[in-house]
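Coordinate analysis (summary)
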Amino acid sequence: MTHLTPDHATRFATATLSHLGREYPYKMDLVLNGPEDAKPPREHHPIFHGSFDWHSCVHGWWQILRLARRFPDLPVAAEIRTRADDMLVPEKVAGELAFLSRPYSAAFERPYGWAWLLALHAETERHDAPWATALEPLALAFAERFHAFLPKLTYPLRVGTHFNIGFALLLARHWAASHDLALVTLIDTRARDWFGDDRDCQAWEPGGDEFLSSALTEAHLMAVVLGDDFPTWFDAFLPRAASEQPATLFTPATVSDRSDGKIAHLDGLNLSRAWSWRAVVSALGPAHPVAPVAEAAAQRHLAAALPHVTGDYMGEHWLASFALLALDGL
């Protein structure tokens, strides 16, 4: 098995620190309400103005703080804590909150960025620092958005990109378990409504720019939601998995051009599949016939992607977070 090591931590954190404050290139999620809105990213986002886009900056912070907690004696950990003391402060959080109150901002970063912000807040609470208190108003704002959005989402978002609802609910539920039990209930209810009767998944994936597996993200979420009932659901959802069918779920994606930001998503697919396969194995238990082939698939996907976490900015600005999920879980 491949697990997180100090060498991984140093490599990932060093790369991520180099781009958390890198303002350009930057892809804004912004509706211009007038010419006065045409201003640099830092003025819209006092904290999350690096790493190419808002959500990558958010989960970059989650990643480095988790690595600093897991390996507190690494030299890079001190730099992480110093940077967090400077950035994760109430006045800068207030600037991020102000952006949410703008006209046409209701769908800003929905649901991917919402979920990663909750994951970041959950991580900050595990540190002896004021960062969690500073971020709490932002976390609560996004939790409120989940409460408003999930009841009106008639159909699940099954795509393999940022809009995937299963991935967002995995992260949101992790936060809600210790902060908002009503949100846990809402997430579980919606997951059962959307996915509870799914059978014989064909897994027509990956798409050419996907970084999430629609099938495995759904299974991962249901493992969390269903608990002891998950194996029965899984056996109906992927009834031929013990025979490594559908084969696409067991085969790492090929990445033809890592300088193409969309095609580079497929490295993330390999990493997120490894994370989800491992979660499925844990939920099924070692005696289940799918467990050994699923763990082997996780290892293949890790081997295909880990060498490429750094090297080109189109992947480097975000892939280490998914490598951390694959190696160490949420």
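Residues numbered from 1 in each chain as written. Predicted model: local features only at pLDDT ≥ 70, side-chain atom pairs only at ≥ 80, totals over all residues. Heavy atoms only, no water.

**Points about the packing of aromatic side chains**
Two descriptors summarise a pair of aromatic rings, namely the distance from one centre to the other and the angle between the planes of the rings. What counts here: Pairs were defined over the aromatic rings of Phe, Tyr and Trp, the Trp ring being its six-membered one, requiring ring centres within 6.5 Å. Orientation was assigned from the angle between planes: stacked under 30 degrees, edge-to-face over 60, tilted for the rest. Two conditions define a charge sitting above a ring: the NZ of Lys or the CZ of Arg must be within 6 Å of the ring centre, and it must be within 35 degrees of the ring normal.
By the definition in use, this model includes 22 aromatic pairs. Within the aromatic cluster, the residues linked to one another by ring pairs are Phe48, Trp54, Phe99, Phe108, Trp114, Phe142, Phe146 and Phe149. A cation sits over an aromatic face here: Arg22 above Tyr313, 3.9 Å from the ring centre.

**Overview of the packing of helix α12 (residues 265–284) against helix α13 (residues 290–305)**
Put simply, the rule is: Inter-axis angles, ranging from 0 to 180 degrees, are taken between N-to-C directions of lines fitted to C-alpha atoms, where helices are fitted over the stretch in contact. Segments assigned H or I by DSSP are reported as helices when at least four residues long, segments assigned E as strands when at least two residues long, and all are numbered from the N terminus. Orientation categories follow fixed angle ranges, with anything under 35 degrees roughly parallel, anything over 145 roughly antiparallel, 65 to 115 roughly perpendicular, and all other angles oblique. What makes a crossing left-handed is the near helix being turned counterclockwise from the far one by less than a right angle; a clockwise turn instead makes it right-handed. Here, residues are in contact when the closest pair of their heavy atoms is within 4.5 Å.
Two numbers describe how α12 lies on α13: the axes approach to 8 Å, and their chain directions differ by 155 degrees. Taken together, α12 and α13 sit at an angle that is classed as roughly antiparallel. When the axes of α12 and α13 are compared, the crossing they make is left-handed. Touching Asp267, Asn270, Leu271, Arg273, Ala274, Trp277, Arg278, Val281 and Leu284 of α12 are Val290, Ala291, Ala294, Glu295, Ala297, Ala298, Gln299, His301, Leu302, Ala304 and Ala305, all from α13.

**What to know about the environment of Ala77**
Mapped onto the fold, Ala77 is located in helix α4 (residues 75–87). Not counting residues within four places of it along the chain, the set of residues in contact with Ala77 comprises Ala68, Phe71 and Pro72.

**Regarding the layout of surface pockets**
Rules: Only protein atoms enter the calculation, which uses a 1 Å grid: trapped sets of points that fit a 1.4 Å probe without letting it out are cavities, open sets showing protein on both sides within 12 Å along at least five of seven lines are pockets, and any residue with an atom within 4 Å of a point is a lining residue. Grid points are joined across faces, edges and corners, and a volume is the space filled by probe spheres set on the points. Classification used: nonpolar for Ala, Val, Leu, Ile, Met, Phe, Trp, Tyr, Cys and Pro, charged for Asp, Glu, Lys and Arg, polar for all others including Gly.
Put simply, the largest pocket is a space of about 510 Å³. Considering the residues around the largest pocket, the lining is formed by 24 residues, among which Lys27, Asp53, His55, His162 and Lys262 are closest to the centre. Of all elements in the fold, only α3 (54–70) and α6 (112–124) reach the threshold of two or more residues within the lining of the largest pocket. Among the residues making up the lining of the largest pocket, the classes are represented as 10 nonpolar, eight polar and six charged. Taken as a whole, the second largest pocket spans an internal volume of roughly 200 Å³. Forming the walls of the second largest pocket are 13 residues, and the residues nearest its centre are Cys201, Ala203, Trp204, Glu205 and Ser214. Of all the elements, helix α10 (residues 214–226) adds the most residues to the lining of the second largest pocket, at three residues. Of the residues contributing to the lining of the second largest pocket, the split by class is six nonpolar, three polar and four charged.

**Points about empty space enclosed by the protein**
Applying the stated criterion across every chain yields a total of one cavity of 30 Å³ or more. Taken as a whole, the largest cavity spans an internal volume of roughly 40 Å³. Around the largest cavity sit Leu157, Arg158, Asn164, Ile165, Gly166, Phe195, Ser214, Thr217 and Glu218, which together line it. Broken down by secondary-structure element, the contributors of at least two residues to the lining of the largest cavity are α8 (165–176) and α10. Counting residues per element, the lining of the largest cavity draws most heavily on α10, at three residues. Of the residues that constitute the lining of the largest cavity, the class distribution is three nonpolar, four polar and two charged.

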